[in-house]
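Chains, contacts and geometry: an overview
Given next are the chains, with one letter for each unit.
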Amino acid sequence: MKRQEVDSRVFQYEFGSGLHISVVPNTRDEEVFYQEMNDFLDLIGLQGSDEWIMSYNSLYYHTPEVRDWTLEGYGIGRESALDINWSNGQVVIKTLNDQAVKEYQQETGVKKEIGVFLIDDEISTKDDLVLSGVRIELMGQEDYIHRTLFHIKPRIRKIGESEVKLVSNGMHPKLQTNYEHKQDLDQDVDLESCQKYQYMTIPKEFFLDKYQIGNNQLVVNFGNLDLEKPSYLIKEWGTELLLQVPNQLANEIEIHSRYQTPNNLGKTTISFNKPINFIACDLAKDEEYLLQNNPFDNKLSIGANFDKLFTNKTVFYLFDQPHDQLQVDIPNARPTNVDLITLSVLFVGVVIILKRLLLKNKLKLE
Amino acid sequence: MRIVPQPVIKLIPYHDMVLNRLSVRPFVDLLASFHNVLIISTLLRIILILYSEWHDAHSVVKYTDIDYRVFSDAARFILHPGPENKAQGILGAALGVGDPYTRQTYRYTPLLALLLLPNEWIHISFGKYLFAGCDILAGILIYKLLVSTVLPSVRKPSSDNSSPSSIIRQASLLTSIHLLNPLVFSISTRGSSESVLALFVLLTLYCALERKWTLAALALGLSTHWKIYPFIYGVACIGVIGSERGMGKGWKGWLRSVVNWRTVKFGLISAASFVGLNVLMYLIWGYPFLYESYLYHLHRRDHRHNFSPYFYLIYLTYPFPGDSIPELSFWRQVIRSPLTSFLPQMILSLGGGLVFGRSKRHLTFTWFVQTFVFVIFNRVCTSQYFLWYTLFLPLLIPQLKMTARWAAIYTAVWFGAQALWLSEAYKLEFIGEHVFFGLWVRGLVYMVAHTWVLAGVMNAYLG
């Protein structure tokens, strides 16, 4: 879903933009699965699809844009960062809302708890946040207010900025990334080993050549891996990739265009999300407890995000970047009737050779 | 007044004149020694392979051909079997080897991957040295054929050019056309395996011209196993074998000459060689071998741009999902059928073998024509395919009656048609311009131009 301007130190929705759906089917019957899935998607106003890819531990569907959205009626805007978890017939919708004033109705027999917190910057560091504030228990008859202070360790942190450009190179555009480190990882004493990565979802109009990049660099490559098929023969929506990149200030990856369906424009314009650029670090063992008990931690066992590909003790240092999309034109054929001319030229060629074969020189070879 | 006999090759006098005018005589003298040609060719290849390693380490645009990575990966897969990478034949399980077809786009015989196993054991460039070595061996075969068979047969005893030293000098110069051909040495040092097949084909020709038909049949089977197209040479071989004991009159006589014990024996041995290798490969690597090496080619649709103008037809008529398929008229169905290219290609290349393959003397020319036709009318064509017939040029040139002027014109047209196409392909591939239509037009120009050049060469041979 769309990211929103909230304090990302606490609320961590560093997903790629657009629609991401991850599913663990509870049936082996493909038809039943699609029926059930499409019914659910229809319920929340999304179109069903059969373009799933097999991701790490779930089926995964993604579109760079959220095309249909009907949850406004429930007060959930298209721009809200949110998770929809559907399990055992129950739907849980998690959404971020930056409204300063919110009314809550007390209901008898229903316990509600509201917390109001601020980050205590005086004693917080970028790796250890202290939230200071109050919890209000709304009991129906009597309310209890508790002063509360707690310590959280964010899984996702910021380290600098990155700039991603798609450099034109015909059918093989190059994805160039430049990194600007604004902080030094060495300040963080709780880190063990670190490595820079790029996580990206690319549409089926492109592919990465896994042999060109090599297994050492291409850590994860889910989706249709065919190197030759045109995009109109690829059923899946695209590819989910995790690349280990050199710990340098710039890197370049060549992506390859598939052939597109002919159209009168002579080109197909494709947009897709920029890669998410980050450094992943293992946390020292004694720090894991805080990380895993952060009530705001958004890491799920399944999910369309890069963190599912790492262990629970991994923290991520993100490079911020504008959330606009990459766009590229792929040339394609215009529908043209070339049958007759091709056949005519073929005929001319055959006649030229046949003439030599049959008429002119037969005797001289005897 | 004494009438000077017209030389068989008109190139020679022009040749001398041009050489003197261009002051390249020292260079030509250098290449007149086959020993020198071999040393220069070998050094050139070693330097280029060493350069390729340096270049690839320092440049984003690699010197090494993408196919070399495919072969090397396939060799690695054979060496390192795993749960997802096991030879699927009956013998494969017992041998405990991996499956080269685990590597996507590997569509060659497993023998190629086996040859490149030392890429893993010794050095990643081993295969390039092997391919370069095949180039050199092919050069040696060409030289031997020129000295023993081709040049003595086209020289008149009274001519100055018939002396042994002159033959050796000319053979050396002609061999250098192959060994110092930039297309040849760049392709092998970039890691393309064409030189291995070229060596097998030349070995077949050598055996055939030496009348060692059993060996020729075995080599033909090996060549056809390596890549399917050399089967067309079998037709010409059968024609030559049949004609060795004289041709009968009429079609019955012709039939008796092509269907007799000697031709059947040749056919059986070459088929046994081909089938035997395939059975062995199938027993080890199973269905993936059969599919990737052969069956895939029966239904492949080459929609991506290549020299053949068919690519555009295939691209435009791909069954697009969601398209309502309109009813096509009969003749349009005919045009779009794969048979439309297959039939003329087979009729002309096999027909060429039958028409010209009547004498050992004409075998090189026959194979050249068959291959040239096969490449022109193939549904897919890349630069490497041109090597399939340019291989025969050093052996053919002494037999052509062609002036240097016409030779220059044909060469220019041959290269020009390619350059025209390549310049447009560059715009698509590396600039991203919408030039599919232009590429198709240039593909048509290529087809006509190369057909015209072939016709010119046929005229020059046949007079």
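Under an unreviewed UniProt entry, chain B has the name GPI mannosyltransferase 1 and belongs to Cerrena zonata. UniProt's Pathway (unreviewed entry) comment on chain B is quoted here verbatim: "Glycolipid biosynthesis; glycosylphosphatidylinositol-anchor biosynthesis." The UniProt entry for chain B carries the following text under Function (unreviewed entry): "Mannosyltransferase involved in glycosylphosphatidylinositol-anchor biosynthesis. Transfers the first alpha-1,4-mannose to GlcN-acyl-PI during GPI precursor assembly. Required for cell wall integrity."

Naming follows an unreviewed UniProt entry, where chain A appears as Protein PBN1 of Cerrena zonata. Its UniProt record, at the heading Sequence similarities (unreviewed entry), says of chain A: "Belongs to the PIGX family." For the record of chain A, the UniProt heading Pathway (unreviewed entry) holds the text "Glycolipid biosynthesis; glycosylphosphatidylinositol-anchor biosynthesis."

Bringing the nonpolar core into the picture now. Judged by nonpolar contacts, the single largest core of 167 residues is most densely connected at Leu 243 of chain A together with Tyr 106, Leu 205, Trp 367, Phe 368, Phe 377 and Leu 454 of chain B. The element best represented in this core is helix 23 (residues 436-462) of chain B, accounting for 14 residues. Excluding anything up to four places from it in sequence, Trp 367 of chain B contacts Val 201, Thr 204, Leu 205, Tyr 233, Ala 236, Cys 237 and Phe 392 of chain B. Membership of the second largest hydrophobic core comes to 31 residues, among which are Ile 53, Ile 156, Phe 222 and Phe 310 of chain A.

Moving on, we come to the UniProt feature "transmembrane region" (unreviewed entry) in chain B. All names here are of chain B. Per the UniProt annotation, the sites labelled "transmembrane region" (unreviewed entry) are residues 30-51, 129-147, 268-290, 342-359, 365-392, 404-423 and 443-462. This span, residues 268-290, is 100% helix and 0% strand, and a straight line between its end C-alpha atoms measures 21 Å. Spanning residues 404-423, this segment combines 100% helix with 0% strand, and its end C-alpha atoms are found 27 Å apart.

On to the environment of Pro 335 of chain A, then. Examined against the element boundaries, Pro 335 of chain A turns out to sit in the loop between strand 20 (326-331) and helix 4 (339-360). Once the C-alpha coordinates of Pro 335 of chain A and Trp 237 of chain A are considered, the two residues, 98 residues apart in sequence, prove to be 25 Å apart. Apart from the residues lying within four places of it in its own chain, the contact partners of Pro 335 of chain A are Pro 262, Asn 263 and Asn 264 of chain A together with Leu 316 of chain B.

Reading the values: rules and limits
Residues numbered from 1 in each chain as written. Chains lettered and ligands numbered in written order. Predicted model: local features only at pLDDT ≥ 70, side-chain atom pairs only at ≥ 80, totals over all residues. Heavy atoms only, no water. UniProt positions renumbered as here; feature names shortened; annotations may be inferred. Core = buried A, V, L, I, M, F, W, Y, C linked by side-chain atoms within 4.5 Å. Buried < 20%, exposed > 50% of the residue type's maximum accessible area, 1.4 Å probe, protein only. Helix = DSSP H or I, 4+ residues; strand = E, 2+ residues; numbered from the N terminus. Contact = heavy atoms within 4.5 Å.

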